[in-house]
Each structure stands twice: as C-alpha cells, then as structure tokens.
Amino acid sequence: MRKSYRVKKEAEFQRVFTQGKSCANRQFVVYMIEKPEQVHFRVGISVGKKIGNAVARNWVKRRIRQSLTELKPQLKQDCDFIVIARPGVAWMEMAEVKDHLIHVLRLANVLVDEDK
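Residues numbered from 1 in each chain as written. Predicted model: local features only at pLDDT ≥ 70, side-chain atom pairs only at ≥ 80, totals over all residues. Heavy atoms only, no water.

An unreviewed UniProt entry lists the protein under the name Ribonuclease P protein component, with Ligilactobacillus agilis given as the organism. Under the Function (unreviewed entry) heading, UniProt states for the protein: "RNaseP catalyzes the removal of the 5'-leader sequence from pre-tRNA to produce the mature 5'-terminus. It can also cleave other RNA substrates such as 4.5S RNA. The protein component plays an auxiliary but essential role in vivo by binding to the 5'-leader sequence and broadening the substrate specificity of the ribozyme." Looking at the Catalytic activity (unreviewed entry) heading of the UniProt record, one finds this comment for the protein: "Endonucleolytic cleavage of RNA, removing 5'-extranucleotides from tRNA precursor." (UniProt positions renumbered as here; feature names shortened; annotations may be inferred.)

Here it is, written out as structure tokens:
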C-alpha cells in the first residue's frame, strides 16, 4: 500500500483515535473519522507489544496491509481509519485475519458492500 494511503503523523493518528467512532471484534478495533474533502482513504495500523515480539508484530502488519490492499476497491474513500490488532491475532492464518478484518470494517461502516 502506497504511503499516501497511510495515516503517518502522530497528530493525525491521535485525532482519529480521539474523535473517531470505534467498532471492535475479538481480533481488531477500528476507529474511523469522516473526511469528505479527501480523494482516497488513509489507514493507520497499530500492533502493540502484547501481540508478540517484533517478528510477530511485523507479520500481523503485513497481513493487515495485504488484506486492505485486496479490499481497496470496496473501502470507503472519504475517511481516515485506524486498525488496532488485539492479542491472539498473531497465530491466525491469512484467511482468518482477512475474514475478521472484513467483519470489523463492516461494523465500522468502512467497507462498502458491492450490492449497494
């Protein structure tokens, strides 16, 4: 995922975290804030030390980024959102990570159904 699709600055990350709406399932928490002036969505990914060592955390980040890249056409374009991983996600297969991410993105209203 290109860097223009990432929430990079700490202040922007904190703004989404404090002002955004949140939704969660057992594996992920998503905070989302509407940004109607934006051309495309931006995402921040947070994987804390409770997930595991650096290798496990990087593994989870790669899985999240890959899932978001595959879901890119279905994601709402006028928002910033943050995906926070919860403990237990490090032992999941790629398909499970994607399924749980799809579930929480639908709850957060970030994933737009193709039928609509």
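Now that the structure has been shown, we can carry on.
### Observations regarding the sheet that holds strand β2 (residues 28-34)
In space, the 4 strands of this open sheet follow the order β1-β2-β4-β3, with mixed pairing throughout. Edge strands, defined here as strands with exactly one partner in the open sheet, are β1 (21-24) and β3 (42-46). Across the sheet, the mean angle from the axis of one strand to that of its neighbour is 20°, orientation sign disregarded. One ladder, built from 5 bridges, connects β3 with strand β4 (residues 79-85); its direction is parallel. Bridged to Ile45 within β4 is Val83. Lying over the sheet, helix α3 (residues 94-107) contacts β1, β2 and β4, oriented at roughly 40° with respect to β2. (Pairing = 2+ DSSP bridges. Helix = DSSP H or I, 4+ residues; strand = E, 2+ residues; numbered from the N terminus. Axes fitted to C-alpha atoms, helices over the stretch in contact; angles between N-to-C directions. Contact = heavy atoms within 4.5 Å.)

### Comments concerning the side chain of Lys35
Note that Lys35 resides in the loop between β2 and β3. The class of Lys35 is buried, set by a relative accessible area of 12%. A distance of 3.3 Å separates polar atoms of two side chains, one belonging to Lys35 and the other to Asp80. Setting aside its immediate chain neighbours within four residues, Lys35 contacts Arg15, Arg42, Asp78, Cys79 and Asp80. (Buried < 20%, exposed > 50% of the residue type's maximum accessible area, 1.4 Å probe, protein only. Polar contact = N/O pair within 3.5 Å; in protein donor to acceptor, adjacent residues only side chain to side chain.)

### Some words on the packing of helix α2 (residues 54-71) against α3
For the pair α2 and α3, the least separation of the axes is 9 Å and the interaxial angle reads 60°. Judged on the interaxial angle alone, α3 and α2 are oblique. Seen from above, α2 lies across α3 with right-handed handedness. Together, Arg63, Ile64, Gln66, Ser67, Leu68, Glu70 and Leu71 of α2 and Met94, Val97, Lys98, Leu101, Ile102 and Leu105 of α3 make up the contact between the two elements. Looking at the contact of α2 with α3, its residues break down into 8 nonpolar, 2 polar and 3 charged. (Parallel < 35°, antiparallel > 145°, perpendicular 65-115°, else oblique. Left-handed = near helix turned anticlockwise from the far one by under 90°. Nonpolar A, V, L, I, M, F, W, Y, C, P; charged D, E, K, R; others polar.)

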